[in-house]
Structure formats: C-alpha cells, structure tokens
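Close look at the chain arrangement
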Amino acid sequence: VRNYFKMFKLHWLTLTYRINVGTLLISELSEVAGYADVAKQIIELAVNGAAQNRSYRRLTDFTDTIGNRVSGSHNLEMAIKYMYNALKQDGLDVYLEPVKIPHWIRGNESAEMVLPRAKRLAILGLSSSVATPPEGIEAEVLVVQSFEELKKRASEAQGKIVVFNQPFVSYGETVAYRLNGASEAAKLGAVATLIRSITPFSINSPHTGMQSYQNGVKQIPTACITLEDAELMQRMAQRGQKIVVRLTMDAKSLPAADSFNTVAEIKGWQHPEQVVLLSGHLDSWDVGQGAMDDGGGAMISWEALSLIRDLGLRPRRTLRTVLWTAEEQGGVGAQQYYDLHKVNISNFDLVMESDTGTFAPVALQFTGSGAARKVMEEVVKLLAPINTTKLEKHGEGTDISPWMQAGVPGASLHVADSRYFWFHHSEGDTMTVQNPRDMDLCSALWAVVAFVVGDLQDMLPR
C-alpha cells in the first residue's frame, strides 16, 4: 500500500509539473503575439525608415578607414578604438574587456613553379605557419587528392613539397586539409605543404585561414594556393611530368598580444542582470577588408541596439552586443569571455551570433529545449513582413558554442550564403560583396528577435 501511494504521489507531482509548465508555455506563446506592432515598427525603421542603409554606411566607413584586422595587429587595435568611440557616440553603455590573443605575422611570401615551366603561384600563408629558410625551399612536388592517397604514397613524400588538390565538398568537411595537411605531410618527411584553397569558386584567388600543428610533429611551412594552380599541377603530375616549386616565407609567431572584446549594452529595466547577447567578430584575416567576414555581423549587432534605442524601447533584460576579438584564431576572445562570465550562466537568456555573412536572411537557426523552440517559433512569426518566419535547427557559431554546449539557448543567422566561400578569407572580401538592403533586413531580424526575447516575462526554458 505504501508503495502504491508513493507511486501515486510521484505521478501526481509529475502531472502537476507538466500542467504548470504547459500553462506557462501557453501564456508565453500568447504573450509573444502581443509584440506584433513593436516588431513592425522595428522592421519599418530598419528597412524603409530613417535607419535605412545605416548599417551598410557604418560598415563602409569602418572598413574603408581601418581595413583588415588580423589578430595581434595594429589595425585590430585601431578597429577596437574606432568601435568603442562609435558605440559611445551612439549613446550606448560601452566598455572593453581585456584578453590575450595570438600574434602571427605573415611577412613576405612567394612561390613559383620552376619545372616543368616557369610560373608564379599565388599563395597565402596559413596562420601560425613557420618560415622557410631565408633562401627558401626548392623541392619536387607530390600532388595528392586526399589524406588516403597521401598514406598510400607515403614512400614518395620524403623531401617533397606535398600539394593537396582535394575537391571542395563542404567547408566543414574540406577544411580538414587546411587544418591538418601540414602535420599529416610532415609525418611522412615532407618539407612543406601547399593546400588548395577551401572554396568552390576561384578567379586565381588564394584563401587563407587557420591551421594547427600537431604536438610532437615537425612544423613545416604551409600555405594555400589557388584552385587553378592546384588543378594545373594535378594535370602535370598525371602526365608524368616532374614538378619543382620554390617556396619562400618569412612568417613568424610573436608572444601573445593584449586585446579586448568590445561590449555595448542597453540595460534591462526589470532584470538588468539577465542578458540576451548579440555578437559578431571584429577581427578578420590580413587580406581584403573583412567586410563580409565578419564586419557585417558586427555591424548588425550594433544596429540592432540602435534601432531599439531609436524607438525609445527598453526591454526587461539587458541587451548586450559583444564584438569578439581573435575569432579567426579559434574563438580566442570568446572563450576567454565565457571563462570569465560562466559563473553567471543562469542569467544568460539567449546567445546570438552572425558570422556567415549578411546576405539576404532566410531563417533563424536555433538550439535549445523543446519548450524554448516553441517560444522561438512564435517569435519568428513576427518577422512575416520580411518573409523570414522559418526557424531551423542548430544554432551555430564558434563564439557562442561554449554557451550552447553548457545548455544556454543559442541562435544564428541563416542567410542566402551560396557565394560566401567565394570571398571567404581572401582579397575578395570587400565592401563590393555587401548589399545595403540585405543588411537592413538582417538588422531588422536581429533586433526583433533580441528585443522580444529580452522583454518576455520569463526567460527561455532550458
């Protein structure tokens, strides 16, 4: 009898909990619908009103003034000062949080094919690459299309420059060659690696990026080459022609540099300790202007606060925009931010990141509990005026991933990004890639989502 009553009590408590949660959820869902007029005001201001094209103009002024902003560089320091002053002048609460970041300098670099004919090769050294000897490295080339082929031809790699001509499948899959190619070739005695750029499209444009040396493996120089040159050497190799390349790089790594994450806020009126975080990264690679990756994401995260402030809106919770430093080196600034603030993780309501371009928005990507997803499905319905009412699975972003892994709901912007990797990490990442209306639409989406979530009676369910 005792066991029966224990079981009955457990079922009753479970049922009561489910009823309470269900009632709370129904209340929250109906609450979201009440923000329809506010959402329309934000969208109208961003797309057709006084703020039209503002995020684009801000990005133009910023990138034309500063240029690219690689980790540890003077340009990145100038970018942080520029944004700090601009955000202050915009009437936001602004502060800087110090972090330590990697400092790698590309230096002079060149490559040329010596045999079977003379040809200059366009290259971009990969981050943290070591230098060649001052006189360079001149060696025969071994061309492979995969790690599997490299293993099969391991006996041929000794003393060679290994050229990886891997086909582009997707960024997530193909980037393994850029990240790990140097160490995998070095294990077999290669003296350097040249990696086909991680892009589906090229106009003889090399694309740089992060690479990682494996512990205990000799560090050899590594750079990316163009799709065209990788395929050229593949064809020559298939004809049985001997290929010789001379590579010169004087890259170097310096001690960690001082830097800052840049933070701007609109303080919540009721729960200022609770936070909806919007973000993009301020650093870029040392080529192009860093307009697409990720100047656009940084600007719409600023613009969202401006739109909300311009309408005289103030949410219950704090809206906090963080412009990360040293994202390109593996989310360095964001990881240090997480380490500092995770003690207050229960107060982080939603973390948002835009880092796949600010082309025309398609949907919002979201990671969170089933109950939180139901709330967010209602939130994106408010975006009907700009036709972005789709909520997709899997919020993503290097900078917010620690929070999502710890259970904080996360959201990212899904845009029409079919051209993103054409320009990614290359000289082609300039303002020419950007479109003013697309940025207005992204800003509107970002602002509506942030404000509504930040102003609901309750935080998103975990």
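Residues numbered from 1 in each chain as written. Predicted model: local features only at pLDDT ≥ 70, side-chain atom pairs only at ≥ 80, totals over all residues. Heavy atoms only, no water.

The name given to the protein chain in an unreviewed UniProt entry is Carboxypeptidase Q, and the organism recorded there is Gouania willdenowi. Under the UniProt heading Subunit (unreviewed entry), the note attached to the protein chain is "Homodimer. The monomeric form is inactive while the homodimer is active." (UniProt positions renumbered as here; feature names shortened; annotations may be inferred.)

Let's talk about the sheet that holds strand 3 (residues 119–121)
Spatially, 8 strands are ordered 3-2-9-5-6-7-8-4 in an open sheet, and the strand pairing comes out mixed. Two strands bound the open sheet, and with one partner strand each, they are strand 3 and strand 4 (123–125). When the angles between neighbouring strand axes are averaged without regard to direction, this sheet yields 30 degrees. Pairing of strand 5 (residues 137–144) with strand 9 (residues 244–249), which is carried by 4 bridges, proceeds in the antiparallel orientation. Across the sheet, Ala-139 pairs through a bridge with Val-245, a residue of strand 9. The strands touched by helix 6 (residues 171–186) within the sheet are strand 6 (161–164), strand 7 (192–196) and strand 8 (222–225), with strand 7 carrying the most contacts at an inclination of about 155 degrees. Across the sheet, helix 7 (residues 227–238) touches strand 2 (109–115), strand 3, strand 5, strand 6, strand 7, strand 8 and strand 9, and the angle it forms with strand 3 is around 130 degrees. (Pairing = 2+ DSSP bridges. Helix = DSSP H or I, 4+ residues; strand = E, 2+ residues; numbered from the N terminus. Axes fitted to C-alpha atoms, helices over the stretch in contact; angles between N-to-C directions. Contact = heavy atoms within 4.5 Å.)

Considering the UniProt feature "domain: Peptidase M28" (unreviewed entry) in the protein chain
Residues given the UniProt feature "domain: Peptidase M28" (unreviewed entry) here are residues 261–447. The span residues 261–447 shows a helical share of 34% and a strand share of 25%, and its end C-alpha atoms are spaced 21 Å apart.

Some details on unusual backbone geometry
Cis peptide bonds are those with omega within 30 degrees of zero, and the linkage from Leu-115 to Pro-116 qualifies with 5 degrees. By the element assignment, Pro-116 lies in the loop between strand 2 and strand 3. In this model, Asp-293 is joined to Asp-294 through a cis peptide bond whose omega is 5 degrees. By the element assignment, Asp-294 lies in helix 8 (residues 291–310). One non-glycine residue with positive phi stands out, namely Ser-128, at about 70 degrees. Summarising the element assignment, Ser-128 is placed in the loop between strand 4 and strand 5. Residue class for Ser-128 comes out partly exposed when judged on its relative accessible area of 26%. Even without a glycine there, the phi angle at His-394 is positive, about 70 degrees. For His-394, the position within the fold is in the loop between strand 15 (391–393) and helix 11 (401–405). Under the relative-accessibility criterion, His-394 is labelled exposed at 57%. (Buried < 20%, exposed > 50% of the residue type's maximum accessible area, 1.4 Å probe, protein only.)

Comments concerning helix 4 (residues 74–89)
In a regular helix each residue adds 1.5 Å, so 16 residues correspond to 22 Å; helix 4 covers 23 Å between its end C-alpha atoms and thus fits that length. Taken as a whole, helix 4 has its buried residues at Leu-76, Ala-79, Ile-80, Met-83, Ala-86 and Leu-87. Along the long axis of helix 4, the arc covered by the buried residues comes to 135 degrees, so they all point the same way. When the buried face of helix 4 is taken as reference, the exposed residues oriented beyond 90 degrees from it are His-74 and Gln-89. Gly-91 sits one or two residues past helix 4 and shows a positive phi near 85 degrees. (Expected span 1.5 Å × (residues − 1). Arc of directions from axis to C-beta.)

Re the pattern of salt bridges
When the charged atoms of two side chains lie near each other, side chains of opposite charge can form a pair. Taken as a whole and judged by the stated rule, the model has 21 salt bridges. Here Arg-54 and Asp-310 are joined by a salt bridge, their closest N and O atoms 2.8 Å apart. With a gap of 256 residues between them, Arg-54 in helix 3 (residues 54–66) and Asp-310 in helix 8 connect regions that are remote in the sequence. By relative accessible area, Arg-54 is classed as buried at 15%. Among the ionic pairs, Asp-90 bridges to Arg-309, the shortest N-O distance being 2.6 Å. Separated by 219 residues along the polypeptide, Asp-90 in the loop between helix 4 and strand 1 (93–105) and Arg-309 in helix 8 bring together distant segments of the chain. A cluster of three or more residues bridged by salt bridges with shared partners is formed by Arg-54, Arg-58, Asp-90, Glu-303, Arg-309 and Asp-310. (Salt bridge = Lys/Arg side-chain N within 4 Å of Asp/Glu carboxyl O.)

A few points about the packing of helix 8 against helix 13 (residues 436–455)
Running from N to C, helix 8 and helix 13 point in directions that differ by 55 degrees, and their axes come no closer than 8 Å. The angle between helix 8 and helix 13 falls in the class oblique. For the pair helix 8 and helix 13, the sense of crossing is right-handed. Together, Gly-296, Met-299, Ile-300, Ser-301, Glu-303, Ala-304, Leu-307 and Ile-308 of helix 8 and Met-439, Cys-442, Ser-443, Ala-444, Trp-446, Ala-447 and Phe-451 of helix 13 make up the contact between the two elements. (Parallel < 35°, antiparallel > 145°, perpendicular 65-115°, else oblique. Left-handed = near helix turned anticlockwise from the far one by under 90°.)

A look at the environment of Gly-67
Among the secondary structure elements, Gly-67 is positioned in the loop between helix 3 and helix 4. Remark: the alpha-carbon pair of Gly-67 and Gly-288, spanning 221 residues in sequence, is separated by 7.4 Å. When sequence neighbours within four positions are dropped, the list of residues in contact with Gly-67 reads Phe-62, Asn-75 and Gln-289.

Looking at the sheet that holds strand 15
As summarised here, the arrangement of the 8 strands in space is 1-10-12-11-13-16-14-15, forming an open sheet in which the pairing is mixed. Pairing within the sheet leaves two strands with one partner each, and these edge strands are strand 1 and strand 15. Each strand axis lies, on average, 25 degrees off the axis of its neighbour in the sheet, ignoring direction. Bridge analysis of strand 1 against strand 10 (residues 252–266) gives 12 bridges, and the strand direction is antiparallel. In the strand pairing of strand 10, Ile-105 is matched with Lys-252. Strands in contact with helix 9 (residues 332–341) are strand 1, strand 10, strand 11 (271–281), strand 12 (317–324) and strand 13 (348–353); relative to strand 1, the strand with the most contacts, it is inclined by about 130 degrees.

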